[in-house]
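Listed below, chain by chain, are the residues.
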Amino acid sequence: MILLFVLLRLTLIYKELQSTILEKDNYKVARDNFYAHNLMQVKKEEELKSNVSNYLHDEILQDILSIKNMINKSDKEEVRTIIFETLDNLNLSIRDQMQEFHPTLLKSLTLKENYGYLLKTLEQNYGKGEIEIIFHCMNGLFLVDPYHLVVYRILKELVTNAIKHSQCSKITVTLKQDNEKVELIVSDDGTGLKEKVYGKIGSALHKGLNSINEQLFLLNGKMTILDDEPNGLSVCVQIFMKGDDSYQYFINR
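**Comments concerning the environment of D227**
Phase 1 of the analysis: With respect to the helices and strands, D227 occurs in strand β4 (residues 222-227).
Phase 2 of the analysis: The sequence separation of D227 and G192 amounts to 35 residues, and the corresponding C-alpha distance is 5.8 Å.

Put into C-alpha cells, the structure is as follows:
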C-alpha cells in the first residue's frame, strides 16, 4: 500500500511538472508569435511608405518638371515668376514629404555616415548655425531591416524636438550597439523638464514622442526621459533586435 501510494504521488508530481513545462512552452510560443507579428507590421508600414515615396518621385515630381518646362513659353514675366516660385516650393515640399514617408539611406555610405548626414541637415535647417550637434557612434554599426529606419525616425524626432523646444546650444547624440541591443541617447543643455517645455508625454504637443512610444511598444523597446544636472534633458531609447530574421542578417551580412 505504501509503495502504491508513493508511486501515485510520484505520478501526480510528474504530471504537474509536465503541465508547468507545457504552460511555459505555450507562453514562449505566444510571446514569439506576438513579436513576429509586431515586427511584420512594422515592415509592412515601411513598405507602404516606400511605395508612397516612389509614387511621389515617379509621378508627381515628373509632372511638375514637365509643367515647368511648358511654362517657359509664357509671355508675362510676373506670371512666370509666381508660377516658378510656387512650383519650386511645391517641389521642395514634396521631396521633404518623401523623406518623411521613407528615408533615403545612401548605400554608398555606412549607417553612421547616413545618420551623421541627417544630423548635419537638421543642424543647418533648424539650428541655423546656433546649435552644435555632437555625434558619437561606432564605425561598425549594423542594424537590420527595419530597425535601421526605425532608429532613423526616432533619431530625427528626438533631435528635432530638442532643437525646437529645449532652448539649448548643444545636443549630444550617442548611438551604441551591443549585438542585438541598440541604445540611442539624445542629450541637450537646454531648460529640461523643470520648465515643462516637453509637457506630458500624452499631450497633443508631443505626437512625435507618442509615436515613438507606440513603435517601441511594438518592438518591445522602451524610452526613458530624465533631467540632467545642472540643466538639460536626456532621452534614452533601447531596442532589442530579435527573431530569426535578425540573426539571419547578422550571419549573412
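**Topic: the pattern of salt bridges**
Close approach of charged atoms allows side chains with opposite charge to pair.
Phase 1 of the analysis: Applying the stated criterion across every chain, the model contains three salt bridges.
Phase 2 of the analysis: The residue E46 makes a salt bridge to R153 at a minimum N-O spacing of 3.1 Å. Taken as a pair, E46 in helix α1 (residues 2-71) and R153 in helix α4 (residues 147-165) lie far apart in primary sequence, 107 residues in all. Like E46, the residue R153 is buried in the burial classification.

**Let's talk about α4**
Phase 1 of the analysis: Compared with the 27 Å implied by 1.5 Å per residue over 19 residues, the 27 Å span of α4 between its first and last C-alpha is a close match.
Phase 2 of the analysis: Among the 19 residues that make up α4, 16 are buried, leaving the element largely enclosed by the rest of the structure.
Phase 3 of the analysis: Among the residues trailing α4, Q167 stands out with phi positive, at a value near 55°.

**Section: the environment of K176**
Phase 1 of the analysis: Structurally, K176 is set in strand β2 (residues 170-178).
Phase 2 of the analysis: Residues K176 and C137, 39 residues apart in the sequence, show an inter-C-alpha distance of 6.3 Å.

**Structural notes on the pairing of strand β5 (residues 233-240)**
Phase 1 of the analysis: With seven of its eight residues buried, β5 lies for the most part within the structure.
Phase 2 of the analysis: Direction of pairing for strand β3 (residues 181-188) relative to β5: antiparallel, over a ladder of eight bridges. Within β5, the residue paired with L184 across the bridge is V237.
Phase 3 of the analysis: As paired elements, β4 and β5 share six bridges and run antiparallel to each other. Following the sheet pairing, T224 is matched in β5 by C236.

Thresholds, definitions, all that
- Residues numbered from 1 in each chain as written.
- Predicted model: local features only at pLDDT ≥ 70, side-chain atom pairs only at ≥ 80, totals over all residues.
- Heavy atoms only, no water.
- Helix = DSSP H or I, 4+ residues; strand = E, 2+ residues; numbered from the N terminus.
- Salt bridge = Lys/Arg side-chain N within 4 Å of Asp/Glu carboxyl O.
- Buried < 20%, exposed > 50% of the residue type's maximum accessible area, 1.4 Å probe, protein only.
- Expected span 1.5 Å × (residues − 1).
- Pairing = 2+ DSSP bridges.

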